[in-house]
Amino acid sequence: MTILITGGAGFIGSHFARLKVKQQEKVVVLDKLTYAGNLENLDEITKDSNKLPYFKFHKGDICNKHLVEKIVKEEDVSVIVNFAADSHVDRSIMNADSFIDTDVKGTYTLLETAKENNVKRFIQISTDEVYGSIASGSFKESDVLYPRNPYSASKAGAEMLANAYWVTHKVPVIIARSCNNYGPNQYPEKLLPLFITNAMEDKELPVYGDGKQIRDWLHVEDNCSAIDFLLENGKPGETYNISAGNECTNIEITNLILNELKKPSSLIKHVKDRVGHDRRYSIDCSKIRSLGWEPNITFEDGIKSTIKWYITNKDWWNKIKTGEFLKYYGKQYEERETKLSSYCLGS
Ligand code: NAD
Ligand code: DAU
């Protein structure tokens, strides 16, 4: 069995690729290497000669039907897990083009290829954001979707297509809707890595609005274990919420980071609120729990170990924070291309 992991050089996808390679399964990663894709996230595999035989990397776009088909056929892919997406809400507010291209059109391309090639499982990685905001209580999988920003709308669009391919073409799709992930290797534009690294550098922490928005935090390894669990135990045509039930306001998590790093609260700067900012996300994950999955990492331990990771891996995030705009044109990009050619199949 070969598993195709799209977006496997990103935050969650790279953790999932590591998990599957550790289980000695054959993994092929397809990733466009956008600003968020980082081959260093896969070092644990590519720098280990015991793991490398289980791994292949293709640089490419999930919207490229010819390439996706070639990979699925040549690698004998039986499972697709689609992590590839443009994933940052603020970017989607500035310009949603690539969100529609990758999240909607790209998912369509993968579903078409899965349909034509008898793929045995298709996990569509979605998000709790598709439900929209909820003042009290928690969303169940059967609730109506009401995405409220271009990113979450693009993810809801992808879900609609995935579900249609199950109903119409019997592509064995499972949809996984998880809450906010945190952990090592998260691109430092998202709340946790941005605030941890800013605090380490004594820079301001830009809290949007009053900071009383609520997010539900899940360690990335717990999310990956849930997705892996669904590969075995999920039912095609079904959707599953994934959460560990760690709801927290943004200002609470900001203070937690500052306390842990022993930095002053004067670093907090309340800035203009995000447009259309969802106030609270909350999902009920009793469906997956009733099948037997449960998270392993407590919020307290997870946050502590995550902060520790950013302390000991300054090189990883510093390169990103100082060189984002050089990546495509500068030296870093050349280096990345050279490194890539040392273990990819070519595309
Ligand atoms: P990320 O931005 O860190 O990684 C996305 C990866 O997809 C990158 O490696 C990027 O290069 C790749 N990619 C983008 N466009 C592509 C394309 N057209 N073709 C091939 N590859 C492409 O994202 P993440 O935070 O790891 O999120 C992964 C998935 O999980 C996304 O689908 C996201 O919607 C979903 N999700 C994320 C969270 C979270 O808290 N981060 C929570 C719920 C769901
Ligand atoms: O809920 C799941 C979603 O979580 C995923 O689908 C998305 O891919 C992922 O990016 C994340 O979306 P959020 O918008 O919740 O995450 P973000 O880290 O951007 O913001 C978390 C909260 O913190 C949100 O209320 C906005 C706020 N925030 C964020 C940033 C970057 C700030 O107050 N200041 C900031 O600088």
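Residues numbered from 1 in each chain as written. Chains lettered and ligands numbered in written order. Predicted model: local features only at pLDDT ≥ 70, side-chain atom pairs only at ≥ 80, totals over all residues. Heavy atoms only, no water.

- As recorded in an unreviewed UniProt entry, the protein goes by the name dTDP-glucose 4,6-dehydratase, listed as coming from Candidatus Scalindua rubra.
- As recorded by UniProt, the Cofactor (unreviewed entry) comment attached to the protein reads in full: "NAD(+)".
- One UniProt comment on the protein, placed under Sequence similarities (unreviewed entry), says "Belongs to the NAD(P)-dependent epimerase/dehydratase family. dTDP-glucose dehydratase subfamily." (UniProt positions renumbered as here; feature names shortened; annotations may be inferred.)

**Focus on the overall build of the protein**
Logical step 1: Looking only at helices and strands, one finds 13 helices and 12 strands in the protein.
Logical step 2: Here the protein has a C-alpha radius of gyration of 19 Å; the compact-globule value for 347 residues is 20 Å, and the two agree.
Logical step 3: Burial analysis of the protein (347 residues in total) assigns 55% to the buried set.
Logical step 4: Pairs at least 24 residues apart make up 82% of the contacts formed inside the protein by residues separated by at least 6 positions.
Logical step 5: Counting every atom, the protein has about 15,000 Å² of accessible surface; 51% of that belongs to carbon and sulfur.
Logical step 6: Taken as two groups, the 45 positive and 48 negative side-chain charges of the protein have centres that lie 1 Å from each other. (Helix = DSSP H or I, 4+ residues; strand = E, 2+ residues; numbered from the N terminus. Rg over C-alpha atoms; globule rule 2.2 N^0.38 Å. Buried < 20%, exposed > 50% of the residue type's maximum accessible area, 1.4 Å probe, protein only. Contact = heavy atoms within 4.5 Å. Areas by Shrake-Rupley, 256 points an atom, 1.4 Å probe, with all protein chains shown as cover. Lys, Arg positive; Asp, Glu negative; His and termini not counted. Charge placed at Lys NZ, Arg CZ, Asp CG, Glu CD.)

**Examining the UniProt feature "domain: NAD(P)-binding" (unreviewed entry) in the protein**
Logical step 1: Residues given the UniProt feature "domain: NAD(P)-binding" (unreviewed entry) here are residues 4–305.
Logical step 2: For residues 4–305, the helix share is 40%, the strand share is 19%, and the end-to-end C-alpha distance is 29 Å.

**Digging into the site of ligand 1**
Logical step 1: Close to ligand 1 lie 29 residues, the nearest being Ile 12, Asp 31, Ser 87, Tyr 151 and Lys 155.
Logical step 2: In the environment of ligand 1, a nitrogen atom lies 2.8 Å from a nitrogen or oxygen atom belonging to the side chain of Asp 61.
Logical step 3: Phe 83 places a polar main-chain atom, nitrogen or oxygen, 3.0 Å from an oxygen atom of ligand 1.
Logical step 4: Here ligand 1 loses 96% of its free accessible area of 840 Å² to cover by the protein chains.
Logical step 5: The set of elements that each furnish at least two residues to the shell around ligand 1 consists of helix H1 (11–22), strand E5 (121–127), helix H6 (150–169) and strand E7 (180–182).
Logical step 6: The element best represented in the shell around ligand 1 is E5, accounting for three residues. (Near = heavy atom within 4 Å. Polar contact = N/O pair within 3.5 Å; in protein donor to acceptor, adjacent residues only side chain to side chain.)

**As for the pairing of strand E2 (residues 26–31)**
Logical step 1: In terms of residue burial, E2 counts as a mostly covered element, since five of its six residues are buried.
Logical step 2: The pairing of strand E1 (residues 2–6) with E2 spans five bridges and is classified as parallel. The partner of Thr 6 across the bridge, within E2, is Leu 30.
Logical step 3: Read from E1 through H1 to E2, the crossover connection turns out right-handed. (Pairing = 2+ DSSP bridges. Right-handed = clockwise from strand over helix to strand, strands pointing away.)

**Here we look at the environment of Leu 192**
Logical step 1: Within the secondary structure layout, Leu 192 lies in helix H7 (residues 191–200).
Logical step 2: For the pair formed by Leu 192 and Cys 224, sequence separation is 32 residues and the distance between their alpha carbons is 18 Å.

**Some points on the site of ligand 2**
Logical step 1: Residues in contact with ligand 2 amount to 23 residues; listed here are only the nearest, Asp 128, Tyr 151, Pro 206, Arg 274 and His 277.
Logical step 2: Note that an oxygen atom of ligand 2 is positioned 2.5 Å from one of the side-chain N or O atoms of Asp 128.
Logical step 3: If ligand 2 stood free it would expose 690 Å²; the protein chains cover 94% of that surface.
Logical step 4: Taken together, the elements giving at least two residues each to the shell around ligand 2 come down to H7 and strand E8 (205–208).

**Here we look at the packing of helix H9 (residues 250–261) against helix H11 (residues 299–312)**
Logical step 1: In contact at an axis separation of 11 Å, H9 and H11 are set at 60° when each is read in the N-to-C sense. On the basis of the axis angle, H9 is oblique to H11. For H9 against H11, the interelement crossing comes out right-handed. Note on element contacts: H11 touches H9 through Phe 299, Ile 303, Lys 304, Ile 307 and Ile 311, opposite Ile 253, Leu 256, Ile 257, Glu 260 and Leu 261. (Axes fitted to C-alpha atoms, helices over the stretch in contact; angles between N-to-C directions. Parallel < 35°, antiparallel > 145°, perpendicular 65-115°, else oblique. Left-handed = near helix turned anticlockwise from the far one by under 90°.)

**Observations regarding the pattern of salt bridges**
Logical step 1: If you walk through the whole model with that rule in mind, you get 26 salt bridges.
Logical step 2: A salt bridge links Lys 26 to Glu 75; the nearest nitrogen and oxygen atoms lie 4.0 Å apart. One end of the pair, Lys 26, is in strand E2; the other, Glu 75, is in the loop between helix H3 (65–74) and strand E4 (77–82), and 49 residues separate them in sequence.
Logical step 3: Among the residues examined, Glu 75 registers a relative accessible area of 6% and is labelled buried.
Logical step 4: In this structure, the salt-bridge partner of Arg 274 is Asp 90, at a minimum N-O distance of 2.6 Å. Of this pair, Arg 274 sits in the loop between strand E12 (268–271) and helix H10 (286–291) while Asp 90 sits in helix H4 (residues 89–94); the two residues are 184 residues apart in sequence, bridging distant segments of the chain. Each member of the pair, Arg 274 together with Asp 90, is buried.
Logical step 5: Several salt bridges converge on common partners, so that one network encompasses Arg 18, Glu 44, Asp 48 and Lys 51. (Salt bridge = Lys/Arg side-chain N within 4 Å of Asp/Glu carboxyl O.)

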